[in-house]
Amino acid sequence: MKKKFEQTVFNIMEENDKVVLITTDNDFLNYQAFLDEFPKRCYDFGIAECNALGAAAGLAKEGFSPIVYGVGAFIAYRAFEFLRCNTCMQNLGVVFVGFGAGFKINNFGATHHSTEDISVLRALPNLSLFAPASVNELPPVLKASLALKTPVYIRIGKCFETEIYDDEPEFIPQKSKIYLEGSDITLLTTGNIIAEAIKAANKLKKEGINAEIINVSSLKPVDKKTIIESVQKTKRLLTIEEHQIQGGLASIVSDCLAGKGCFLFEKMGLNNEFANEFGWYKDIIDTYKLNEECIYNKVKQMILGDKNGKF
Amino acid sequence: MLGFCDRLKEKYMNKELQKIAFDIRKKILEINKATNEGHITSSFSCVELLCALYFGNVLNIYPISKIKNPDKFIAKGHSTLALYSVLAKAGYFMEDELFSFAKKGTRLGGLATSTVPGVEAHTGSLGHGLSFGVGVALSQRIKNTNAITYVMTGDGECQEGSIWEAAHSIVQFKLNNLVWIIDKNNLQVSGYVDKVMSLGNLNKRLEAIGFDCVEIDGHNYSQIIPALKIERGSNSNKPRVIIANTIKGKGSKYLENRLNYHGKKPSKDEMEIIINELRMV
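Residues numbered from 1 in each chain as written. Chains lettered and ligands numbered in written order. Predicted model: local features only at pLDDT ≥ 70, side-chain atom pairs only at ≥ 80, totals over all residues. Heavy atoms only, no water.

Asker: Give a description of the overall build of chain B that names residues and reports values.
Answerer: The helix and strand inventory of chain B stands at 10 helices and seven strands. In terms of C-alpha radius of gyration, chain B reaches 18 Å, essentially the compact-globule figure of 19 Å for 281 residues. For chain B, the C-alpha atoms occupy an extent of roughly 55 × 45 × 45 Å along the three principal directions. Restricting to contacts in chain B with at least 6 residues of sequence separation, those with at least 24 account for 74%. Roughly 12,000 Å² of accessible area belongs to chain B as shown, and the carbon and sulfur atoms make up 51% of that amount. (Helix = DSSP H or I, 4+ residues; strand = E, 2+ residues; numbered from the N terminus. Rg over C-alpha atoms; globule rule 2.2 N^0.38 Å. Contact = heavy atoms within 4.5 Å. Areas by Shrake-Rupley, 256 points an atom, 1.4 Å probe, with all protein chains shown as cover.)

Written as structure tokens, this is what we have:
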């Protein structure tokens, strides 16, 4: 995802001379190419996220379109007040790209996990919140974000994401894409964890359980219509996120569905705990029960329990 | 060296500026008396600095909103009584509006907000303005203009870590089109800056980072104006920072260096004393 980000931004900067790249001491594969091509439009602010965000607001105020890039945890938490007072309060067109969504910076530990970013950022007025599901969805998300000219936070992974789209899909803010149609249960996911949901759904299909998968890449504003229609059809829903269920996708979906009917609703994600365990990405999602098998078991449990009247 | 005519001109202008500053302080007290809101002492300390910027032929901003590539000024967030009075006098909005200060429905809030004409940023939360200024100065560089960005902060504000993040970047990016003014009045809400959380030797710290650090009497136009006027389009590697030594509450003896008076509302009796003591600085 990081590699694709670099390529996409380079192309965007070639086309649009208002775009300014602001980094925070990140390991770009080829930052020199940016310096050579756009010497006046890329600035590394070092390990100083607050200042980077404040300066980005100043650039936006003067008519530029800054893209601020950094570790999601540090943009969302450390520099939160700079995002709030400078960019959101003044409704300035800055695009923040925070990498390491969920556990993608796996073996660094909980300090580097973006597992509360959705919760804190969705509270900010004027800020849009997007999370591409896989590498191919990043370019359309980035382009749509710049076109908005209002504050946007894009939550991206890091590397080795499972690709779920053959080509670049269309991305429209406040529009969720139904990845897989089904009638027995709705699986709502955000980010690359959708890959685990797809594997689980394929396994379930063999047993005659048809899951509908919705890619919630536009977390704010959220596509209420698609979510409500799907859940009213399946009557069962499961949210899956590399994030706290408190304030994250589960809460966003709860807000959409309140007063819309009676559904069987389960949530998978961190339940008010930090992911303190280390390991590879796969190890972490195993530890925190977000892998294909756990999703499969959860769905089976929900459907069987529902049929036996346990819920 | 200034010639005889220039010195005479300077003397005449400084006299004029002193008169304007007196009127601004008077206006600040009138607004505070009418609305019972605002930070009088934080405003009084920077009146000369603001008057020099707006009326001392420093900021290239006139005619307002018509000039191409104007200079930018990012204000100290808690000095709004002074800032708004100066902005009204400069022509950004009508002076009558000042009496709506901090009232229901006004756009002139207690702390600086960018919805007010002439205000660039929300600087109420301390330690933000300098970073915002870095972005504005970078924009001016990308646009290839010779405009200058002026940023004023307090000295207590320099306790915020983000100020030092911004300071490093000003030098790192060689922003010689940015002038940082520190209104060093030595006081903050709970007491003397040195006693609360000392900044150490500010001058030496700033020089060590790589600034061209100029220390001046922040109430003396003969020192303020030359410090503010930097060469446009200069090649200097050392951005300018001005440590303006000021007195919180300057202009009325009762208020000067008075402890526990940040944002305080004077009583009726106190207000009488303050007004009667108001004098030309």
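Asker: Break down the pattern of salt bridges for me, with residues and values.
Answerer: Residue and element names in this part refer to chain A. Applying the stated criterion across every chain, the model contains 25 salt bridges over all chains. Across the pair aspartate 255 and arginine 122 runs a salt bridge whose closest N-O atoms are separated by 2.7 Å. Taken as a pair, aspartate 255 in helix H10 (residues 249-257) and arginine 122 in the loop between helix H6 (117-121) and strand S5 (128-130) lie far apart in primary sequence, 133 residues in all. Overall, the relative accessible area of 25% leaves arginine 122 in the partly exposed class. (Salt bridge = Lys/Arg side-chain N within 4 Å of Asp/Glu carboxyl O. Buried < 20%, exposed > 50% of the residue type's maximum accessible area, 1.4 Å probe, protein only.)

Asker: So, the nonpolar core: which residues are in play, and what are the values?
Answerer: Ranked by size, the top nonpolar core spans 75 residues in total, and within it Phe45 and Leu83 of chain A together with Trp180 and Leu206 of chain B carry the most contacts. Top element by residues in this core is helix H3 (residues 49-61) of chain A. It accounts for eight residues. Per-domain counts for this core show at least three residues from each of domain 1 (2-156) and domain 2 (177-307) of chain A. In contact with leucine 83 of chain A, not counting residues within four places along its chain, are Leu53, Ile75, Cys88, Phe96, Leu121, Leu124 and Leu127 of chain A. One finds Ile20, Leu49, Ile61 and Tyr92 of chain B within the second-largest nonpolar core, a separate group that totals 59 residues. (Core = buried A, V, L, I, M, F, W, Y, C linked by side-chain atoms within 4.5 Å. Domains from an automatic or database assignment.)

Asker: How would you summarise the domain arrangement of chain A if you had to cite specific residues and measurements?
Answerer: Residue and element names in this part refer to chain A. Segmentation of chain A into domains returns domain 1 (2-156) and domain 2 (177-307). Each of domain 1 and domain 2 has a C-alpha centre, and the two are 27 Å apart. Contacts between the two partners involve 30 residues from domain 1, matched on the other side by 32 residues from domain 2. Of the roughly 2,400 Å² buried at the junction of domain 1 and domain 2 (both faces included), carbon and sulfur atoms supply 56%. Sorting the residues of domain 1 by area buried against domain 2 places Phe103, Arg122 and Ala133 first, and these three jointly supply 28% of that buried surface. Summed over the shared surface of domain 1 and domain 2, the number is two salt bridges. Counting across the interface, domain 1 meets domain 2 through 20 residue pairs in polar contact (both at pLDDT 80 or more). The set of elements that each furnish at least two residues to the side of domain 1 that touches domain 2 consists of H6 and S5. Tallied by class, the residues present in the side of domain 1 that touches domain 2 amount to 13 nonpolar, 11 polar and six charged. (Buried area = accessible area lost by both parts, 1.4 Å probe. Polar contact = N/O pair within 3.5 Å; in protein donor to acceptor, adjacent residues only side chain to side chain. Nonpolar A, V, L, I, M, F, W, Y, C, P; charged D, E, K, R; others polar.)

Asker: If you had to explain helix H9 (residues 224-234) of chain A to someone new, which residues and values would you point to?
Answerer: All names here are of chain A. What H9 keeps buried is the set Thr226, Ile227, Ile228, Ser230, Val231 and Thr234. At its buried positions, H9 is contacted by strand S7 (177-180), strand S8 (185-189), strand S9 (211-215), strand S11 (236-244) and H10. Phi turns positive, to about 65 degrees, at lysine 235, one or two residues after H9.

Asker: Lay out the environment of isoleucine 209 of chain B with the relevant residues and their values.
Answerer: Residues and elements named next belong to chain B. Locating isoleucine 209 in the fold gives a position in helix H8 (residues 202-209). When the C-alpha atoms of isoleucine 209 and alanine 147 are compared, they prove to be 24 Å apart, with 62 residues separating the residues in sequence. Leaving out residues up to four positions away in the same chain, isoleucine 209 has contacts with Trp164, Ala167, His168 and Val171.

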